[in-house]
Structures are given as structure tokens and as C-alpha cells.
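# A structural walkthrough
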Amino acid sequence: MRAFKIYTLIIFLTLAVSAYSYTVDWTNVPTSASQAGSGGAFALSKELGNAGYNPSVLPMIPGNGVTFSGGMLSFGRSLMELSGAFKIEKGISPFISLRYSSVGGFEEALQDGSKTGDAFSISRFLFSGGFAYRFGRAPVTASFTFKYFLEDLYQVTSSGYGIKLNLSVFVGKFSIGIGADDLVQVITYDSGREEETKPVFTVCSAYAVSDALQLSGVFIFDISLKLSFRAGARYRVNEKFRLSVGTNNFNISTGFQYKVKDIILDYSLQIERAFSGINNFIGISYDF
């Protein structure tokens, strides 16, 4: 009962703070349905939905599994992600993730401002894969991820690659992780021009208040110290049902998870930009 009261208080505070705040980056949405309900804050949770966030947690998951998530977003956006992780000997877990995202609803216009009536969209396909490793019996894991992506930007196309590194430490009820993304990332446009992106760094932590209630937070920043954040809470009602709530740069979100044997179903809802847009996420995971 005490844990449930704490969970209710967190929901109230999240809604109260968000109502008087603004969205820093409205494109910053989680891609995994299991993560979206808690604002994408649980980068240290031992679940398949973290394959695209913090794959260093994968060696802590027993067995193998695949997960699929789809997002029906406001402002003409959509996304899909399919990920899988597998265990091999000596604590090594290879993983792979495929992600497709697009933004539609644009109308072609001429230089004088007149519109042609032709609609178009822009899209991105991302492939990422690598391996995660647990250091013996120590509660310390690390991962290496290689990324390759293709972009269709209407009259311009591009491709690129990059590297992501993650490290996680689990000590009792507390866990902490660090990560570096977009390392040596290069984008090449069809004109031949190349562009290097700035690295992005992540610091995350999680704490188990009780067996039922967990809290987590993430800070993301680049070398210019542009900061974004995520915070969330999860409450496990029973072995099959879980509730979540969170905020992602003041976007508020909530969701639930239901487990049926080896299958996990997720649904999450996110409200962004001071109630100007609503995003829905659905997901399914299978452990084997």
C-alpha cells in the first residue's frame, strides 16, 4: 500500500511539473514501447527493449529473445523497431536492431512559394549491431555497437556510420551506467560532401525503492553541454502486470505491460508539447 501511494504521488508530481513546462526537443521520443511509458528513462532495466538504448544490459537477461515496437506519432511521424539478442558462451551476447522512422505530410513548393500539390516524406533506416559482455561474475557489463544508416531527405539522400559504447554497473538496489554515442560518426551526402557529428554522452541511474517500485533517470548531453533528461517510475502490480509513468524533456508519458508466459505485451502513451500531440506505442517481446 505504501509503494502504491508513492507511485500515485510520482504521477501527480510529473503531471504538475509538465503542465508548467515546455518541450525542449519535440522529436525526442523513445522507440521501444516498453521504454516509452516511463519516458525512456529505464536504460538500465534488464529487458530486450534496451537493445537500441543501452545494450550493455543484455548479458544480464537469461536466455534469448526478440522484440518489436511500433509508434503512431503526431505531426505525421511513424517508427518501427525490431531487435534481437542471443547468448553465447563466456557472457557474450550478440545483438542486432533494425529501425525505420519517417515524417510525412509535406507538400512540394516552388521558389516563389506556390505549391505543386505533390506530397512527400523523409525517412531513415538504421541498422545497429554488436556485442555485449559481462566481466565474469562481476555485476559489470559493457557493449560495443556499430551503426549504419540510410536517409531519404526528399531531393537529397545520405548514408552514414558510427559507434556507440556503453558500461553498466549493478550493485544491490542501485545501478548506474555511462555511454557515448555518435562516436566517429560520419554522414556522406549524394553530392559527395561529408559531415561529422558531435559525440553524445549519457549518464543514467536506477534505484529499487521496493520489490514493486523502481525509479530511474537519464541525462544526455553533447560536448557543448546541451542537456536533455528523462525520468520515470515503474510499479509492478503483480507478476503479470506493470504500470509506468515518466517524462522525456517535459513530455509526459504513461503505459502498462502485461506478460503471458514467454510473451510480453506493452502499450505506452506520450503527450508532448503542452498537450499539442499524442503518441501511441505498442510492442511485443518473446523470450526463448
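It should be noted that the structure appears before, not after, this text.
Reading guide: rules and limits
Residues numbered from 1 in each chain as written. Predicted model: local features only at pLDDT ≥ 70, side-chain atom pairs only at ≥ 80, totals over all residues. Heavy atoms only, no water. Helix = DSSP H or I, 4+ residues; strand = E, 2+ residues; numbered from the N terminus. Buried < 20%, exposed > 50% of the residue type's maximum accessible area, 1.4 Å probe, protein only. Contact = heavy atoms within 4.5 Å. Areas by Shrake-Rupley, 256 points an atom, 1.4 Å probe, with all protein chains shown as cover. 1 Å grid on protein atoms, 1.4 Å probe; cavity = no way out; pocket = protein on both sides within 12 Å on 5 of 7 lines; lining within 4 Å. Points joined across faces, edges and corners; volume = space filled by probe spheres on them. Nonpolar A, V, L, I, M, F, W, Y, C, P; charged D, E, K, R; others polar. Phe/Tyr/Trp six-rings, centres within 6.5 Å; stacked < 30°, edge-to-face > 60°. Salt bridge = Lys/Arg side-chain N within 4 Å of Asp/Glu carboxyl O. Pairing = 2+ DSSP bridges. Polar contact = N/O pair within 3.5 Å; in protein donor to acceptor, adjacent residues only side chain to side chain.

Bringing the overall build of the protein chain into the picture now. Secondary structure assignment for the protein chain yields two helices and 15 strands. The 288 residues of the protein chain split such that 43% are buried. Contacts in the protein chain between residues far apart in sequence, at least 24 positions, make up 48% of those at least 6 positions apart. Total accessible area on the protein chain is roughly 15000 Å²; 64% of this is exposed by carbon and sulfur atoms.

The subject of this paragraph is empty space enclosed by the protein. Inspection of every chain in the model, using the stated rule, returns three cavities of 30 Å³ or more. Leu-48, Leu-58, Ile-61, Gly-63, Asn-64, Gly-65, Ala-85, Phe-86, Lys-87 and Ser-93 are the residues that line the second largest cavity. Here the lining of the second largest cavity is built from residues that sort into five nonpolar, four polar and one charged.

We now examine the packing of aromatic side chains. On inspection of all chains with the given rule, the structure shows eight aromatic pairs. Each ring, one from Phe-256 and one from Tyr-267, has its centre 6.0 Å from the other, and the planes form 45°; the classification is tilted. Here the residue Phe-256 occupies a position in strand β13 (residues 251–260), and Tyr-267 occupies one in strand β14 (residues 263–272), the gap between them amounting to 11 residues. Given a relative accessible area of 26%, Tyr-267 falls into the partly exposed group.

A separate point is the layout of surface pockets. The calculated volume of the second largest pocket comes to roughly 1000 Å³. Around the second largest pocket sit 39 residues that line it, and Lys-46, Glu-47, Gln-214, Arg-234 and Arg-242 are the ones nearest its centre. Broken down by secondary-structure element, the contributors of at least two residues to the lining of the second largest pocket are β7 (174–189), β9 (200–208), β10 (213–222), β11 (227–236), β12 (241–248), β13, β14 and β15 (277–287). Across the lining of the second largest pocket, the residue classes tally to 16 nonpolar, 11 polar and 12 charged.

Enumeration according to the criterion identifies seven salt bridges in this entry. For Lys-147, the salt bridge goes to Asp-181, with nearest N and O atoms at 2.9 Å. Here Lys-147 is found in strand β5 (residues 140–153), whereas its partner Asp-181 is found in strand β7, with 34 residues between them in sequence. By sharing partners, the salt bridges in this structure join Glu-47, Arg-234 and Arg-242 into a single network.

So, on to the pairing of β11. Of the pairings in the sheet, the one linking β10 to β11 comprises nine bridges and is antiparallel in character. Looking at the pairing, Phe-219 lines up with Phe-229 of β11. Linking β10 to β11, which pair antiparallel, is a turn of four residues; within it Leu-225 sits at a positive phi near 65°. Strand direction decides the pairing type here: β11 and β12, joined by seven bridges, are antiparallel. What sits directly across from Arg-236, in β12, is Arg-242. Counting the residues in the hairpin turn of β11 and β12 gives four residues.

Turning our eyes to something else, we now look at the side chain of Ser-175. On the secondary structure map, Ser-175 appears in strand β7. Accessibility expressed as a relative area gives 8% for Ser-175, which makes it buried. Not counting chain neighbours up to four residues away, the residues in contact with Ser-175 comprise Leu-44, Val-169, Phe-170, Cys-204, Ser-205 and Ala-206.

Time to look at the environment of Pro-199. Turning to its location among the elements, Pro-199 is positioned in the loop between β8 (194–196) and β9. For Pro-199, a relative accessible area of 22% translates into the label partly exposed. In sequence terms Pro-199 and Leu-183 are 16 residues apart; their C-alpha atoms lie 5.2 Å from each other.

All right, on to the environment of Gln-185 then. Summarising the element assignment, Gln-185 is placed in strand β7. Its relative accessible area of 5% is what places Gln-185 among the buried residues. Considered as a pair, Gln-185 and Tyr-161 are 24 residues apart in the sequence and their alpha carbons are 5.4 Å apart. Setting aside residues up to four positions removed in sequence, Gln-185 forms contacts with Lys-147, Phe-149, Tyr-161, Gly-162, Glu-195, Glu-196 and Thr-197. For Gln-185, the side chain forms a polar contact with the side chain of Lys-147, separated by 3.1 Å.

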